[in-house]
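Structure assessment
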Amino acid sequence: METNSKRPDWDRIVHLFKLGIVASLIALVGGDMLLGWGTADLSLTGMAQYFSRYSSVSDTRIFWAATLGMIGIAIETMCFFGIYRVIVSESEKYAHAYRVGLIGMLIFGPFCHVMCCATIYHHNAVARINPDMAINEALAFAKLFLVPVTAIFFVFFMIMNIVQIMAFAKGKTPYPRWCLVFTMFLGIIDIVVMRMAGNHAWAYALATGWLSVGSLITFTGLLIYMPKD
């Protein structure tokens, strides 16, 4: 039976959670919403309709979305080490598993975001030359560069979030067990709600940033309900 209990460095954890909130907002607004702000052409279908949302996105917007998103996601992910500190105070076993997922996300998360932006740039660039080839060229680019890094990223994403839920659920943190709800999975609710909102630029923009929305809620919730000891 694992026995490990020590007082977390709450001052450092508070600092990381507050910085995580700021970084999540940078990634959400500067990275995701800047890229995803647009409406779809509903006269189209399939991938043509999907990419039509980005037809008005300029190269400058793509550059800033890639840059700000990369910076925001990197800082945001590092701030999850605040949760690592919470878990390691009660369980080194869960903390080490959590750290594996976190390191993988730190490596592949920003890269995944940049590849998303690059795919949009590639589509728009080809569309300016030959619109009929844009969709196929964008999909080919995505299969070669975006899909592999996204697949690897989501492996670490699942490890990190599942371990976090398990640690909270089994009482391996100083938090109440119900605080297991504060994970990045909460961002999925953002996707569902924004899809229900319809074909609006702000809805697509917010849906694009579902991961950052999940991070923002996680940091905020854990900061608000931080144990007072």
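The sections below set out a description of the structure shown in this document. (Residues numbered from 1 in each chain as written. Predicted model: local features only at pLDDT ≥ 70, side-chain atom pairs only at ≥ 80, totals over all residues. Heavy atoms only, no water.)

**Digging into the packing of aromatic side chains**
Think of a pair of aromatic rings as described by two things: how far the centres are apart, and how the planes are tilted against each other in angle. As enumerated under the stated definition, the model contains 19 aromatic pairs in all. Between F154 and F157, the aromatic rings sit 5.4 Å apart at their centres with planes inclined by 75 degrees, giving edge-to-face as the arrangement. Highlighted residues: F154 and F157, both in helix α6 (residues 131–169), separated by three residues, approximately one helical turn. Among the residues examined, F154 registers a relative accessible area of 29% and is labelled partly exposed. Residue class for F157 comes out buried when judged on its relative accessible area of 2%. The aromatic ring of Y94 is capped on one face by K93, whose charged end is 5.8 Å from the ring centroid. (Phe/Tyr/Trp six-rings, centres within 6.5 Å; stacked < 30°, edge-to-face > 60°. Helix = DSSP H or I, 4+ residues; strand = E, 2+ residues; numbered from the N terminus. Buried < 20%, exposed > 50% of the residue type's maximum accessible area, 1.4 Å probe, protein only. Lys NZ or Arg CZ within 6 Å of the ring centre and 35° of its normal.)

**A word on the environment of L186**
Counting through the fold element by element, L186 comes out in the loop between α6 and α7 (187–197). For L186 and W210, which are 24 residues apart along the polypeptide, the C-alpha to C-alpha distance reads 8.3 Å.

**A look at the side chain of S212**
You can see S212 is positioned in helix α9 (residues 210–224). In this structure the side chain of S212 is engaged in a polar contact, spanning 3.2 Å, whose partner is the side chain of D32. Excluding its chain neighbours within four sequence positions, the residues that come into contact with S212 are S24, A27, L28, D32 and E76. (Polar contact = N/O pair within 3.5 Å; in protein donor to acceptor, adjacent residues only side chain to side chain. Contact = heavy atoms within 4.5 Å.)

**Side note on the nonpolar core**
Ranked by size, the top nonpolar core spans 30 residues in total, and within it F17, F80, I83, Y98, Y175 and L222 carry the most contacts. Listing elements by their share of this core, those giving two or more residues are α1 (10–36), α4 (81–88), α5 (92–129), α6 and α9. Ranked by the residues each element gives to this core, the list is headed by α6, at six residues. Each residue touching Y98, except ones within four places of it in the same chain, is listed here: F80, I83, Y84, I87, M160, V163 and Q164. (Core = buried A, V, L, I, M, F, W, Y, C linked by side-chain atoms within 4.5 Å.)

**Quick notes on a nonpolar patch on the surface**
A contiguous nonpolar patch, built from W178, V181, I224 and Y225 and spanning about 410 Å² of accessible area, is present on the exposed surface. On the secondary structure map, V181 appears in the loop between α6 and α7. (Patch = residues over 30% accessible without salt bridge, like charges linked within 9 Å, V, L, I, M, F, W, Y side chains within 5 Å. Areas by Shrake-Rupley, 256 points an atom, 1.4 Å probe, with all protein chains shown as cover. Salt bridge = Lys/Arg side-chain N within 4 Å of Asp/Glu carboxyl O.)

**Focus on α9**
Its 15 residues place the ends of α9 21 Å apart at the C-alpha level, agreeing with the 21 Å of an ideal helix rising 1.5 Å per residue. Those residues of α9 that sit buried are W210, S212, V213, G214, S215, T218, F219, G221 and L222. The elements touched by buried residues of α9 are α1, α3 (59–79), α4, α6, α7 and α8 (201–208). (Expected span 1.5 Å × (residues − 1).)

**Some thoughts on the environment of E92**
Considering the arrangement of structural elements, one finds E92 in helix α5. For E92, a relative accessible area of 37% corresponds to the partly exposed category. In this structure the C-alpha to C-alpha distance between E92 and K172, which are 80 residues apart in sequence, comes to 9.4 Å.

**What to know about the packing of α1 against α3**
Any two packed helices are characterised by how steeply their axes cross, that is the angle between the axes, and by the distance between the axes. Orientation of α1 relative to α3, taken along the N-to-C sense of each, is 155 degrees, at an axis distance of 7 Å. Regarding the angle of α1 to α3, the classification is roughly antiparallel. For the element pair α1 and α3, the recorded crossing hand is left-handed. Two secondary-structure elements touch here, α1 through L16, F17, L19, G20, A23, S24, I26, A27, G30, G31, L34 and L35 and α3 through R61, I62, W64, A65, L68, G69, G72, I73, I75, E76 and C79. (Axes fitted to C-alpha atoms, helices over the stretch in contact; angles between N-to-C directions. Parallel < 35°, antiparallel > 145°, perpendicular 65-115°, else oblique. Left-handed = near helix turned anticlockwise from the far one by under 90°.)

**So, the pattern of salt bridges**
Scanning the entire structure with this criterion turns up one salt bridge. Notably, a salt bridge pairs R128 with D59, separated by 3.3 Å at the nearest N-O pair. Here R128, found in helix α5, pairs with D59, found in helix α3; they are 69 residues apart in sequence, far enough to count as distant. According to the relative accessible area criterion, D59 is partly exposed, its value standing at 33%.

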